[in-house]
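# Close look at the chain arrangement
Each chain, written out:
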Protein chains: 2
Amino acid sequence: MSDLPTFDDVKRAAVRLSGVAIRTPLLTNVALDEAVGARVFIKPETLQRTGSFKFRGAYNRLSQIAEGDRAKGVVAWSSGNHAQGVAAAGKLFGIPTRIVMPSDAPAIKVERTRRSGAEVIFYDRVKDDREAIGRAIAEQHGSVIVPPYDDPFIIAGQGTVGLEIAEDAAQIGLALDAVLVPVGGGGLIGGSSLALRELSPLTKIFSIEPEGFDDHRRSLIAHQRLRNERIDGSICDALMAPMPGELTFAINDKHLAGGFAVSDAEVKEAMRFAFAELKLVVESGGAVALAALLTGRVDVGGQIVAIVLSGGNVDPAFFSEILTAD
Amino acid sequence: MSDLPTFDDVKRAAVRLSGVAIRTPLLTNVALDEAVGARVFIKPETLQRTGSFKFRGAYNRLSQIAEGDRAKGVVAWSSGNHAQGVAAAGKLFGIPTRIVMPSDAPAIKVERTRRSGAEVIFYDRVKDDREAIGRAIAEQHGSVIVPPYDDPFIIAGQGTVGLEIAEDAAQIGLALDAVLVPVGGGGLIGGSSLALRELSPLTKIFSIEPEGFDDHRRSLIAHQRLRNERIDGSICDALMAPMPGELTFAINDKHLAGGFAVSDAEVKEAMRFAFAELKLVVESGGAVALAALLTGRVDVGGQIVAIVLSGGNVDPAFFSEILTAD
């Protein structure tokens, strides 16, 4: 595999993930179609193993570690979904996992990461350098570092989401006008774009980010990687990467049609809609593409579109707060 | 169609519902399989149009009303899910719908029924006779009465759930040992049993009910229809039918392997599990089969089983209360 993954790498990842990851369905919902005035297909990665798409990339990456190196373990840093993906994949391969997580990560993500057998090391999101902490741990144990997005095998693994969307749409004879994908570091959308460009070249791919963390949206306009000014302060804990990845942006700059940002309030409204109409539990970061549709931020009137609900790991107390807010 | 529907009637219903009802997927979940020690397939009718399986039967029944009779409308009585199903089907056929609902029905079900264009008439669950109220309205307008379960077309429509389970299981080469179905009046399980007996004759079919409303469980043992002593007092508002239907029990007495009951507390625990692990919003009555698995009430160790999550229409405030309870 060269530095930048290709469509072939996504197909190889799909073979590895077959029977291990869940092939999530492509859902439709009448109330959503009526609300948006479009034909919408929902890819619920909330239903994926570990509750988010992250398992796909993690498993694909860990599959590359030689058996003799497995005992040395792997290290990852993550706000929670990548952590769970790596922990679950590690368990399947018999690889010890150490995860560096922000001290303000949702309790449910910490607990679920530990339950998969991972050791969790906390850092302060504002004061500490999580990469430095991770690298020190990796050096100590001789472990492989599993980055959250800027890795060809991670990108290819996440790309199986786009591959499944394209395959399922083709099977029902649909030509997708657009696909909307939640974006943090850009691995999910980048990998997915490798499959969509190939199988559905006319489909426009849009990145959806939280307001204040719209580094992709701005970077796509500038054709260079721009950093977010803030490093915290969104309810979308899963989407607060500091800037687009090097590999992911090299792909996304070529393949994406543009980006949009949604506010915390709009994300909460989307989570309530997912509860009331879709009957799906979606976490804040996982709901941004749905929010972009419901707010009309992306104009899809009369079109055929797919959105990814990227994760569903949300604390019950926080979810209840959102459900019962006026 | 004779009085008792047949497998052919279920297949005819499936043709009518094709492209109108959602063909809900058959989901799997690693955490559930591990918790139960079985291979579990989930049929999430929560994702069905109107948020429960009830749309299937209602649409199939309303399809039988001649065009010239449509303006006279239909009348139904229901705690909410059948109401929504009838209202939504009525809207599609251009048939006015009047729904008699208990005054303590969940607010969300009332609101959603009205939103589909139905007129809602309330009754007191303890003092009033909802059937008498419904029949009076039907007489006044010359409307057709759409019963919640004891009707061949309703039963056949709900049976498409079992048909899809059997078809999807066969497609992945699975022999289901058991299917667990939430039961109120017995239409869903009765119709489903028509398909399962034919396509998967070795599969055991079990009714799951709330404690205190286990009329099917007791009736199956006695081989005669027994009445519940109570008429309210379960959180499973969708499953409080007074006794098995005449038609449904004639089918169920022949096809079912037995019944089990679960407590309110066990149902709440199942709803929390569905939130945390399945990432699905399930209403109380819709969660009884899941509860029967999680409590070990039905012994399925090492087996291949399917459960139906029959509905997801739950008030946000009540759902929040359950999520945040200790």
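Notes on the structure in this doc start here. (Residues numbered from 1 in each chain as written. Chains lettered and ligands numbered in written order. Predicted model: local features only at pLDDT ≥ 70, side-chain atom pairs only at ≥ 80, totals over all residues. Heavy atoms only, no water.)

Helices and strands together make up the secondary structure of chain A, namely 13 helices and nine strands. Taking 326 residues into account, the globule formula puts the C-alpha radius of gyration at 20 Å, and chain A, at 18 Å, falls close to it. With the principal axes as the frame, chain A shows a C-alpha extent of 55 × 45 × 40 Å. When the 326 residues of chain A are sorted by exposure, 63% land in the buried category. Put simply, of all contacts in chain A between residues at least 6 apart along the chain, 73% involve residues at least 24 apart. About 11800 Å² of surface is accessible on chain A, with carbon and sulfur atoms providing 48% of the total. (Helix = DSSP H or I, 4+ residues; strand = E, 2+ residues; numbered from the N terminus. Rg over C-alpha atoms; globule rule 2.2 N^0.38 Å. Buried < 20%, exposed > 50% of the residue type's maximum accessible area, 1.4 Å probe, protein only. Contact = heavy atoms within 4.5 Å. Areas by Shrake-Rupley, 256 points an atom, 1.4 Å probe, with all protein chains shown as cover.)

For the pair chain B and chain A, the best superposition has an RMSD of 0.0 Å and corresponds to a rotation of 180° with a translation of 0.0 Å parallel to the axis. Such a combination of rotation and displacement between the chain copies is what one expects of a two-fold axis. A shared binding surface is used by both copies, with 100% of the interface residues of chain B retained as interface residues in chain A. (Least-squares fit on C-alpha atoms with pLDDT ≥ 70 in both.)

Leu180(A), Phe319(A), Leu180(B) and Phe319(B) are the most contacted members of the largest nonpolar core, which totals 82 residues. Setting aside anything within four residues of it in sequence, one finds Phe319(B) in contact with Phe275(A), Phe319(A), Leu323(A), Met271(B), Phe275(B), Val281(B), Val282(B) and Val314(B). (Core = buried A, V, L, I, M, F, W, Y, C linked by side-chain atoms within 4.5 Å.)

A word on the side chain of Ser143(B). All names here are of chain B. The residue Ser143 is located in the loop between α6 (130–141) and β5 (144–145) in this model. Within polar-contact distance, the side chain of Ser143 engages the backbone oxygen of Lys72 at 2.8 Å. Excluding residues that lie within four positions of it along the chain, Ser143 makes contacts with Lys72, Gly73, Val74, Val75, Arg98, Ile137 and Ala138. (Polar contact = N/O pair within 3.5 Å; in protein donor to acceptor, adjacent residues only side chain to side chain.)

Moving on to the sheet that holds β5(B). Residues and elements named next belong to chain B. The strand order across the open sheet formed by four strands is β4-β3-β2-β5, and the pairing between neighbours is parallel. Each having just a single partner strand, β4 (119–123) and β5 make up the two edges of the open sheet. Helix-sheet contacts for helix α5 (residues 107–115) involve β3 (97–102) and β4, and the interaxial angle to β4 is about 150°. (Pairing = 2+ DSSP bridges. Axes fitted to C-alpha atoms, helices over the stretch in contact; angles between N-to-C directions.)

With that settled, consider the pairing of strand β7 (residues 204–210) of chain B. Residues and elements named next belong to chain B. With respect to burial, β7 is a largely interior element, six of its seven residues being buried. The sheet contact formed by strand β6 (residues 178–182) and β7 spans five bridges and is parallel. Within β7, the residue paired with Val179 across the bridge is Ile205. Each parallel crossover has a hand, and the one from β6 via helix α8 (residues 187–199) to β7 is right-handed. (Right-handed = clockwise from strand over helix to strand, strands pointing away.)

This paragraph deals with the packing of helix α4 (residues 81–93) of chain A against helix α5 (residues 107–115) of chain A. Pairs of packed helices are described in terms of their axes, by the angle between the two and the distance that separates them. All names here are of chain A. In contact at an axis separation of 8 Å, α4 and α5 are set at 10° when each is read in the N-to-C sense. Between α4 and α5, the angle falls in the class roughly parallel. Mapping the contact onto sequence places Asn81, Ala83, Gln84, Ala87 and Lys91 in α4 and Lys109, Arg112, Thr113 and Arg115 in α5. Classifying every residue of the contact of α4 with α5 by side-chain character gives two nonpolar, three polar and four charged. (Parallel < 35°, antiparallel > 145°, perpendicular 65-115°, else oblique. Nonpolar A, V, L, I, M, F, W, Y, C, P; charged D, E, K, R; others polar.)

Before going further, it helps to examine the interface of chain B and chain A. Listed as interface residues are 29 residues of chain B and, on the opposing side, 29 residues of chain A. Approximately 2300 Å² of surface area, both sides summed, lies buried where chain B meets chain A, with 63% of it carried by carbon and sulfur atoms. Sorting the residues of chain B by area buried against chain A places Phe275(B), Lys279(B) and Val281(B) first, and these three jointly supply 28% of that buried surface. Taken together, the links from chain B to chain A amount to four salt bridges. Of the charged contacts in the structure, one is a salt bridge between Glu277(B) and Arg115(A), with a shortest N-O distance of 3.1 Å. Counting across the chain B and chain A interface gives 12 residue pairs in polar contact (both at pLDDT 80 or more). Where the side of chain B that touches chain A is concerned, the elements lending two or more residues are α5, α11 (264–278) and α13 (316–324) of chain B. The element that contributes the greatest number of residues to the side of chain B that touches chain A is α13(B), accounting for six residues. Classifying every residue of the side of chain B that touches chain A by side-chain character gives 15 nonpolar, eight polar and six charged. (Buried area = accessible area lost by both parts, 1.4 Å probe. Salt bridge = Lys/Arg side-chain N within 4 Å of Asp/Glu carboxyl O.)

Before going further, it helps to spend a moment on the environment of Val300(A). Residue and element names in this part refer to chain A. Structurally, the position occupied by Val300 is in the loop between α12 (288–294) and β9 (304–309). Note: C-alpha distance between Val300 and Arg39 (261 residues apart in sequence) is 8.9 Å. Setting aside anything within four residues of it in sequence, one finds Val300 in contact with Val36, Gly37, Ala38, Leu293 and Val305.

This part is about unusual backbone geometry. Residues and elements named next belong to chain B. Phi at Thr50 is positive, roughly 70°, even though this residue is not glycine. Tracing the backbone through its elements, the reader meets Thr50 in the loop between β1 (39–44) and α3 (54–62). For Lys279, which is not glycine, the phi dihedral falls at a positive 60°. By the secondary structure assignment, Lys279 is in the loop between α11 and α12 (288–294).

We now examine helix α7 (residues 152–171) of chain B. Residues and elements named next belong to chain B. Relative to the 28 Å expected for 20 residues at 1.5 Å per residue, α7 spans 28 Å between its end C-alpha atoms, a close match to the ideal helical length. Along α7, the sharpest change in direction is near 25° and occurs at Thr160. The buried fraction of α7 amounts to 17 of the 20 residues, a majority that puts the element mostly inside the structure. For α7, the N-terminal capping position is held by Asp151, with its side-chain oxygen 2.7 Å away from the main-chain nitrogen of Phe153. Of the residues flanking the end of α7, it is Gly173, one or two places downstream, whose phi is positive at about 75°. (Expected span 1.5 Å × (residues − 1). Bend = angle between axes of the 7 residues up to and from the residue.)

Residue and element names in this part refer to chain A. In terms of residue burial, β9 counts as a mostly covered element, since six of its six residues are buried. The two faces of β9 match: Ile304, Ala306 and Val308 on one face and Val305, Ile307 and Leu309 on the other face are all buried. Pairing geometry for strand β1 (residues 39–44) and β9, over six bridges, is parallel. Counterpart to Lys43 in the pairing with β9 is Val308. Summarising the sheet, strand β6 (residues 178–182) and β9 pair through three bridges and their orientation is parallel. What sits directly across from Ala178, in β9, is Val305.

For the rest of this paragraph, the subject is helix α4 (residues 81–93) of chain B. Residue and element names in this part refer to chain B. Here α4 is 13 residues long and its end C-alpha atoms lie 18 Å apart, about the 18 Å a rise of 1.5 Å per residue gives. Of all 13 residues in α4, 11 are buried, a share of seventy percent or more. All of the buried residues in α4 are Asn81, His82, Ala83, Gln84, Gly85, Val86, Ala87, Ala88, Ala89, Gly90 and Phe93. Those residues of α4 hidden inside the fold are in contact with α3, β2 (74–77), β3, α5 and α7. Following α4 by one or two positions, Gly94 adopts a phi angle in the positive range, close to 70°.

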